[in-house]
Amino acid sequence: YSAKSERLCCRLFDQEMEDRALRRRILTEDLVRAIDQDRLQQLYQPIVSMRSRRVVQVEALLRWRHPHYGEISPLEVVKLAEQSGLAESLNLWVMTQACRQNMVWRQSGLPPIQVSVNISPMSYSRFDLVAMVDAVLRETGLPAEQLVIEVTEDTTMQDIEASPQLLSRLRRLGVELALDDFGTGHSSLSHLKRMPFQKLKIDKAFVRELEQAPEEIAMIQAIIHMAHSLGMEVIAEGIEQFSSHRQLSRLGCDYAQGYLLYKPLTGGEVQRVLRDDSGLSLAALPEREA
Ligand code: C2E
Ligand code: MG
Ligand code: MG
Ligand code: MG
């Protein structure tokens, strides 16, 4: 290892750090404008009832295509926003957009569905989320029961003491609450019991394991039983295979989300799906067994 190659290595490393810092700076600046000028996008992934096979809900998922860096993952966008004081305005954009879009579907005479939005850790704990949700519902006119707020276990764990109360206040607005990415976080049963969730979303990592190792059935079965006994309905996310859809349906899972059913769609695409939705497009899927 010569001194010369070491110097070269350091230079490359510095260069890489610099590139990354530069990228972050550019993206942050551009994110401010993208939020202001409505240049972010939202896609909507349908969630289908295992029983009726109809689309009952869509999850709003953020998309940002940067002119230079291309598609930026929503997790990175959220991280950038949280690091640069943009968490609240991003959250407001996301929620407003989702409620407006749901009003558009509603006003075109389609059967009512719920739209869910993801709440980042900081938007959950640092800002007055209750006031924001209330304001957005008033401004857009969406009935509260058509909005679902998704938070992860770890987000609710940020402030174990305050969480049940914050969630109850949200609940009193009439919105539904979903516990996202269940099984990947660090919450305890006693914590879970104190929180007023209506829905629990089994993380796609578990569904993936079900596809690779059928003995994972016991785990998923236990989660579904637990959720039902706490009065929650269960959504499985990330379903890619028929076999796991069938398994989950047999185990009593209530709703399905995943590429097997639908990828995230544009607002217009959802409109067409809802218009044609008689449950028939999913006829190939196995029936729920009694
Ligand atoms: P999430 O809330 O768990 O959302 C589900 C993710 O799984 C989405 O990824 C979705 O596209 C993906 N997915 C759905 N079905 C399948 C499948 O069958 N196979 C595979 N491999 N993936 C599937 P996406 O859109 O990249 O979002 C990633 C995460 O970013 C979300 O995870 C959520 O935590 C966060 N996120 C997305 N949009 C927002 C937003 O508007 N606000 C906040 N705070 N976070 C968001
Ligand atoms: Mg989610
Ligand atoms: Mg999830
Ligand atoms: Mg997930």
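A brief report on the enclosed structure follows. Keep in mind that what you see is a predicted model, and the values were worked out from it rather than measured.

## Observations regarding the coordination of the magnesium ion (ligand 3)
Then comes step 1: All of the protein donors around the magnesium ion (ligand 3) are Asp-180 (OD), Asp-181 (OD) and Glu-237 (OE); their distances to the metal are 2.0 to 2.4 Å.
Then comes step 2: Sequence spacing among the residues donating to the magnesium ion (ligand 3) works out to D-D-x55-E.
Then comes step 3: Separation of the magnesium ion (ligand 3) from the magnesium ion (ligand 2) amounts to 3.5 Å, with Asp-180 serving as a shared donor to the pair.
Then comes step 4: On the basis of relative accessible area, Asp-180 is assigned to the buried category, the value being 6%.

## Describing the packing of helix 3 (residues 87-107) against helix 12 (residues 267-276)
Then comes step 1: Put simply, helix 3 and helix 12 touch, their axes get as near as 11 Å, and they point 35° apart. Handedness of the crossing formed by helix 3 with helix 12: right-handed. For the pair formed by helix 3 and helix 12, the contact residues are Gln-101, Val-104 and Trp-105 on the first element and Gly-267, Val-270, Gln-271 and Leu-274 on the second.
Then comes step 2: Residue classes in the contact of helix 3 with helix 12 are distributed as 4 nonpolar, 3 polar and no charged.

## Topic: the coordination of the magnesium ion (ligand 2)
Then comes step 1: Distances from the magnesium ion (ligand 2) to its protein donors, Glu-59 (OE), Asn-118 (OD1), Glu-150 (OE) and Asp-180 (OD), fall at 2.1 to 2.2 Å.
Then comes step 2: If you list the donors of the magnesium ion (ligand 2) from N- to C-terminus, the spacing comes out as E-x58-N-x31-E-x29-D.

## Concerning the pattern of salt bridges
Once their charged atoms are close, side chains differing in charge can pair, the charge on each being opposite to the other.
Then comes step 1: Here the structure, examined in full by the defined rule, presents 11 salt bridges.
Then comes step 2: Across the pair Asp-128 and Arg-169 runs a salt bridge, and its minimum N-O distance is 4.0 Å. Residue Asp-128 is located in the loop between helix 4 (121-125) and helix 5 (129-140), and its partner Arg-169 is located in helix 7 (residues 163-172); the two are separated by 41 residues in the primary sequence.
Then comes step 3: Since its relative accessible area comes to 43%, Asp-128 is described here as partly exposed.
Then comes step 4: Assessed through its relative accessible area of 33%, Arg-169 is described here as partly exposed.

## Considering the site of ligand 1
Then comes step 1: Surrounding ligand 1, one finds 23 residues, the nearest of these being Arg-63, Asp-180, Lys-204, Glu-240 and Tyr-259.
Then comes step 2: With respect to ligand 1, the side chain of Arg-63 contributes an N or O atom lying 2.9 Å from an oxygen atom.
Then comes step 3: Between ligand 1 and Ser-120 there is a distance of 3.4 Å, counted from a nitrogen atom to a backbone nitrogen or oxygen.
Then comes step 4: Within the complex, the protein chains bury 85% of what would otherwise be the 800 Å² of accessible surface of ligand 1.
Then comes step 5: Of all the secondary structure elements, the ones that give two or more residues to the shell around ligand 1 are strand 2 (55-66), helix 2 (74-83), strand 6 (176-182) and helix 9 (204-212).
Then comes step 6: Per element, the largest residue contribution to the shell around ligand 1 is 4 residues, and it comes from strand 2.

Thresholds applied
All residue numbers here refer to positions counted from 1 along the written sequence of the relevant chain. Chain labels run from A onward and ligand labels from 1 onward, assigned in the order the entries are written. Only residues with pLDDT of at least 70 are given local features in this predicted model, and only at 80 or more are side-chain atom pairs given and counted; all residues enter the totals for whole chains, interfaces and linings. For side-chain calculations, the full set of non-hydrogen atoms in the structure is used, while hydrogens and water are omitted. Metal coordination here is assigned from N, O and S atoms located within 2.8 Å of the ion, or within 3.2 Å for Na, K and Ca; omission of water means that sites may look incomplete. A simple rule labels every residue: compare its accessible area, found with a 1.4 Å probe on the protein chains alone, to the largest value its type can have, and call it buried under 20%, exposed over 50%, or partly exposed in between. Here, axes are lines fitted to C-alpha atoms. For helices the fit covers the stretch in contact, and angles between N-to-C directions go from 0 to 180 degrees. Labels follow the DSSP assignment, with helices taken as runs of H or I lasting at least four residues and strands as runs of E lasting at least two, numbered in each case from the N terminus. Handedness of a crossing follows from how the near helix is turned relative to the far one, being left-handed for an anticlockwise turn of less than a right angle and right-handed for a clockwise one. Any two residues whose heavy atoms approach within 4.5 Å at even a single point are treated as in contact. The classification used treats Ala, Val, Leu, Ile, Met, Phe, Trp, Tyr, Cys and Pro as nonpolar, Asp, Glu, Lys and Arg as charged, and all other residues, Gly among them, as polar. Criterion for a salt bridge: a side-chain nitrogen of Lys or Arg within 4 Å of a carboxyl oxygen of Asp or Glu. Any residue with a heavy atom positioned within 4 Å of a molecule or strand is treated as near that molecule or strand. N or O atoms closer than or at 3.5 Å make up a polar contact, with two conditions inside protein: a donor-capable atom paired with an acceptor-capable one, and, for residues adjacent in sequence, both atoms drawn from side chains. Surface accessibility follows the Shrake-Rupley procedure with a 1.4 Å probe radius. Residue values consider only the protein chains on display as shielding.

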